[in-house]
Amino acid sequence: MQVVYYLDWPTDEYVWLARKSIARTRNVMPGVEVVHLTTTRWDGPDVGADHVVKVDVLEGSFYGYRRCAAHATMTGENLFLDVDCIVRRDVRFIFERDFDVAVCAKHLDRGASMPFNGGVCFSRCPQFWLDVAGKPEDHQGWDHTERRYSMTAMKDKYSVRLLDGDIYNYCPHDALENVDGKAIVHYKGARKAWMRAAA
């Protein structure tokens, strides 16, 4: 398994987030391979990954499309993480089960339009990401990307394992919340500022 972070915004904030997340991943999963996945136009600093993989995706398209199209180039067993995630437990055992993708459920109502969050995904299936990517015009904002991610995961076309989002993609409610029982904590949105206090 390798841990893959997609980042093509070389802003100070996102570089800092990536470095913190990667350092924590190395601490809890010693020896794991870490990949910085980005575009051919990346000219930002080193974020601490073992390898930088640059792929040619449509410049000027929405970030969500670029990320999904880049994920589709990765073969093998990949844990795709957003840079605002902190891994707190070794999760390599997830790949002991057979699946195309393992997704994190925000709740158990699969009839909702976006029951899954794509910030954490265990994947063996590049085709899944091609389907999520679709066309650049399908991604006009994060809601579009997340909705396509959920809709693709609910298709019978793929073997999908459901993971408990409260464990593997947990979004805290405040900066000092005790998250000891969580495997992966996702500081999405305004929570990014709280990562500076995260252990």
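Description of the structure in this document. The residue numbers shown here count from 1 along each chain, following its written sequence. It should be noted that, the model being predicted, local features are given only for residues of pLDDT at least 70 and side-chain atom pairs only at 80 or more, the latter also being counted only at that level, while totals for whole chains, interfaces and linings use all residues. With hydrogens and water set aside, each side-chain value is computed from the structure's full complement of heavy atoms.

**Description of the sheet that holds strand β4 (residues 78-81)**
Short version of the rule: By definition, two strands form a pair when at least two bridges between them are found by DSSP. In DSSP terms, a helix is any run of H or I states spanning at least four residues, a strand is any run of E spanning at least two, and both are numbered starting from the N terminus. Where helices are involved, their axes are fitted lines through C-alpha atoms of the stretch in contact, as for all axes, and angles between N-to-C directions lie from 0 to 180°.
Sheet architecture is open: 7 strands sit in the order β3-β2-β1-β4-β7-β6-β8, paired in mixed fashion. At either end of the open sheet lies a strand with only one pairing partner, and these are β3 (51-55) and β8 (160-164). Neighbour-to-neighbour, the strand axes of this sheet turn through a mean angle of 30 degrees, independent of strand direction. Sheet topology places strand β6 (residues 101-105) next to strand β7 (residues 116-123); 5 bridges connect them, and they run antiparallel. For Ala-102, the partnering residue across the bridge sits in β7 and is Phe-122.

**Let's talk about the nonpolar core**
Rules: Residues belong to one nonpolar core when they are buried, are Ala, Val, Leu, Ile, Met, Phe, Trp, Tyr or Cys, and are joined through side-chain atoms within 4.5 Å. Categorising residues by exposure relies on relative accessible area from a 1.4 Å probe, with only protein chains included: less than 20% of the type maximum marks a residue as buried, more than 50% marks it as exposed, and the intermediate range marks it as partly exposed. Pairs of residues are marked as contacts when any of their non-hydrogen atoms sit within 4.5 Å.
Within the largest apolar cluster, 66 residues are counted, with the highest numbers of intra-cluster contacts made by Leu-81, Phe-122, Phe-128 and Trp-129. Looking at this core element by element, the count peaks at 6 residues for helix α1 (residues 12-28). In this view, Phe-128 contacts Val-101, Tyr-149, Thr-152, Ala-153 and Tyr-158; residues no more than four positions away in its chain are not counted.

**Focus: the pairing of β6**
Within β6, 5 of the 5 residues are buried, which leaves the element mostly enclosed by the surrounding structure. Here β6 shows no split at all, with Val-101, Val-103 and Ala-105 on one side and Ala-102 and Cys-104 on the other all buried.

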